[in-house]
2 protein chains.
Amino acid sequence: MLCITTRGHRCAALLALCAMPLLATAQLPVARKPPTLDAVLAASKPSDWEPLDPENTLYMQLASGRVVILLAPQFAPRYVANIKRLVRERYFDGLAIERVQDDFVTQWGDADHTKPLGSAERSLPAEFIFSSADIPFTPLPDPDTYAPEVGFSGSFPIARDPRIGRAWLVHCYGMVGAGRDDDVESGNGSELYAVIGQAPRQLDRNIALVGRVVKGMELLASLPRGSGPLGFYTKSERRMPIESVRVAADVSPDQRLPLEVMRTDTRTFAEVVESQRNRRDAWYKVPAGRVSVCNVPIPVRSQ
Amino acid sequence: MLCITTRGHRCAALLALCAMPLLATAQLPVARKPPTLDAVLAASKPSDWEPLDPENTLYMQLASGRVVILLAPQFAPRYVANIKRLVRERYFDGLAIERVQDDFVTQWGDADHTKPLGSAERSLPAEFIFSSADIPFTPLPDPDTYAPEVGFSGSFPIARDPRIGRAWLVHCYGMVGAGRDDDVESGNGSELYAVIGQAPRQLDRNIALVGRVVKGMELLASLPRGSGPLGFYTKSERRMPIESVRVAADVSPDQRLPLEVMRTDTRTFAEVVESQRNRRDAWYKVPAGRVSVCNVPIPVRSQ
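About the criteria used
Per chain, the residues get numbers from 1 upward, laid out in the order the sequence is written. Chain labels run from A onward and ligand labels from 1 onward, assigned in the order the entries are written. Predicted model: local features are reported for residues with pLDDT of at least 70 only, side-chain atom pairs are reported and counted for 80 or more only, and whole-chain, interface and lining totals are derived from all residues. Hydrogens are left out, water is left out, and the side-chain values use all remaining heavy atoms of the structure. Put simply, DSSP H or I for four residues or longer makes a helix, DSSP E for two residues or longer makes a strand, and each gets a number counted from the N terminus. Any two residues whose heavy atoms approach within 4.5 Å at even a single point are treated as in contact. Should DSSP find at least two bridges between two strands, the strands are taken to pair. Each axis is a line fitted through C-alpha atoms, taken for helices only over the stretch in contact, and angles between the N-to-C directions span 0 to 180 degrees. A 1.4 Å probe rolled over the protein chains alone gives each residue an accessible area, and that area as a share of the maximum for its type sets the label: buried under 20%, exposed over 50%, partly exposed in between.

Visitor: Quick question: what am I supposed to make of the overall build of chain A here?
Guide: A tally of helices and strands in chain A yields 5 helices and 16 strands. Restricting to contacts in chain A with at least 6 residues of sequence separation, those with at least 24 account for 72%.

What follows is the structure, encoded as structure tokens:
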């Protein structure tokens, strides 16, 4: 669909005029009246799914249950390697959730900053943004407030700037990142956080995202908020202890969870996206006609 | 700033080419290097703030503390009047939180659907969208995925479509709405919900938003998630009881909370917005240069 413009028009007017028709008629390889999310999932094929890679899956055991994190070594290789080293040297075992800031993040690590890092790196290069050249990318057809292009790569939400050939992971609900101090190379993966509120997109390109929670997110999001500055727990508050963190590959196969994530480069995932752009169940009267990258669920299921 | 385009260009390319320069140079009435949010708040004047209207403020008392809700009679007058009638007839007292769906909503009301509604209306017109003609509007300069224009009106996030002269409240974190069944006139305010996750913007224009939580949001967001369908608690799960809900005007003045909200039609609020578009503290290395309507805090303070 062509949107004819007059040379010299102001961009602002142009955006307003063009955005709606463009959105309404963006072509997706799906039927005109898309099915609901449940229907899409029910009709999915085995090839639409792939098992979590045990070598890049973490199990964090809390008293309340197990949190499963899928790591993103393709986007933050040095961070992921260091986190796995910390995990394998039992760094996180016995530590605790130390910060829960409402509508922002739940963070865990060593609140006292006394536990030795073992053989792990103390400092890592800033893996906040990377070349988009060899990154698979399934674009979302709708505009984004923060980035020129947004979409999905592997099992992750991602943004791109084609003018500079760069891409970065996006801070959606459930994404996991590695805390740092003011120095961009001060992070090392020993302090991790998960997004528990409105996508804090201002963090994009400022900090390393290293994965996302694919199971147990509610255990991190429902914790009492900390009363200290930035939601850190004070000494008097009860911190949820971390019993253990393990790489799934190090757990005996019968103890692993048989989780699969939907591939985002499939026609079925395009139908998932469309089911969210235009809700078709009886309750919705005005389909939005578009969707934010952080409002698209990247489905996870148990085999 | 003019963005010159070539006649016949596709809109998609145009959006990608134009969006960045437009955003980078959007004019706001603030200094080139804006102060941080803390600095803006510290420099605010008394006239930047206004007290909550006691007649349109609700105190919901839970065992864990008090939730304060500012109602929006200017946008949903029939709903707000009905909710106040229910409150004044003690409808909510002794009911409970009945649903907590992770990354979506916390909902309260009568899970058993047996409590009489008293003199309140059983059905209300669909106050989902309204004329924008007489609505004050402070626009946000950045694009939105879901609406042609977004901004603020009174103490609320709002969207507009100038082509049809209509506006609607936006489902941001902490916004409070009134549940309904499939029939658009089936809502009456006896079932209320607050948004506890990523802004579910697909609900915009489909349901009545009636206000927002201005204090105690963390009490609603940190509750255990329900294990039933849609996050409803099952019979075996402990529901957080609602001890009472009161209109602030009905509470003796010494029992009221002296809360104020920032006016959104002020230069100070424009500086709040700019402080969020471009973070200036030492931690941020790449200011986003823009902000989503749901990432702008509308400040609340105690007098």
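Visitor: In this structure, what is going on with the sheet that holds strand 13 (residues 208-215) of chain A? I would like to understand it.
Guide: Picture the strands of a sheet paired through backbone hydrogen bonds; they go either parallel or antiparallel. Residues and elements named next belong to chain A. Reading across from one edge, 4-5-12-11-13-3-2-14 is the order of the 8 strands in this open sheet, with antiparallel pairing throughout. A single partner strand is all that each edge strand has here, and the edge strands are strand 4 (96-101) and strand 14 (242-247). Averaged over all neighbouring strand pairs, the angle between strand axes comes to 25°, with direction disregarded. With 4 bridges joining them, strand 5 (residues 105-109) and strand 12 (residues 192-195) adopt antiparallel strand pairing. Its bridge partner lying in strand 12, Val 105 is registered against Val 195. Of the strands in this sheet, strand 2 (57-62), strand 3 (65-71), strand 11 (175-178), strand 12, strand 13 and strand 14 touch helix 3 (residues 77-88), which is tilted by about 125° from strand 14.

Visitor: Honestly, helix 5 (residues 267-277) of chain B in this entry has me stumped. Any pointers?
Guide: Each turn of an α-helix holds 3.6 residues, which means side chains three or four residues apart point in the same direction. Of all 11 residues in helix 5 of chain B, 10 are buried, a share of seventy percent or more. Here helix 5 of chain B has its buried residues at Thr268(B), Phe269(B), Ala270(B), Glu271(B), Val272(B), Val273(B), Glu274(B), Ser275(B), Gln276(B) and Arg277(B).

Visitor: Teacher, can you tell me more about the side chain of Thr268(A) here?
Guide: Mapping Thr268(A) onto the fold places it in helix 5 (residues 267-277). For Thr268(A), the contacting residues outside a window of four places in its chain are Val40(A), Ser44(A), Lys45(A), Asp48(A) and Met262(A).

Visitor: Any chance you could explain the sheet that holds strand 15 (residues 259-262) of chain A here in plain terms?
Guide: Residues and elements named next belong to chain A. Reading across the sheet, the 3 strands line up as 1-15-16 and stay open at both edges, with antiparallel pairing between neighbours. Here the strands that pair on one side only, and so sit at the sheet edges, are strand 1 (49-51) and strand 16 (300-302). On average, each strand axis in the sheet is inclined to that of its neighbour by 35°, with strand direction left out of account.

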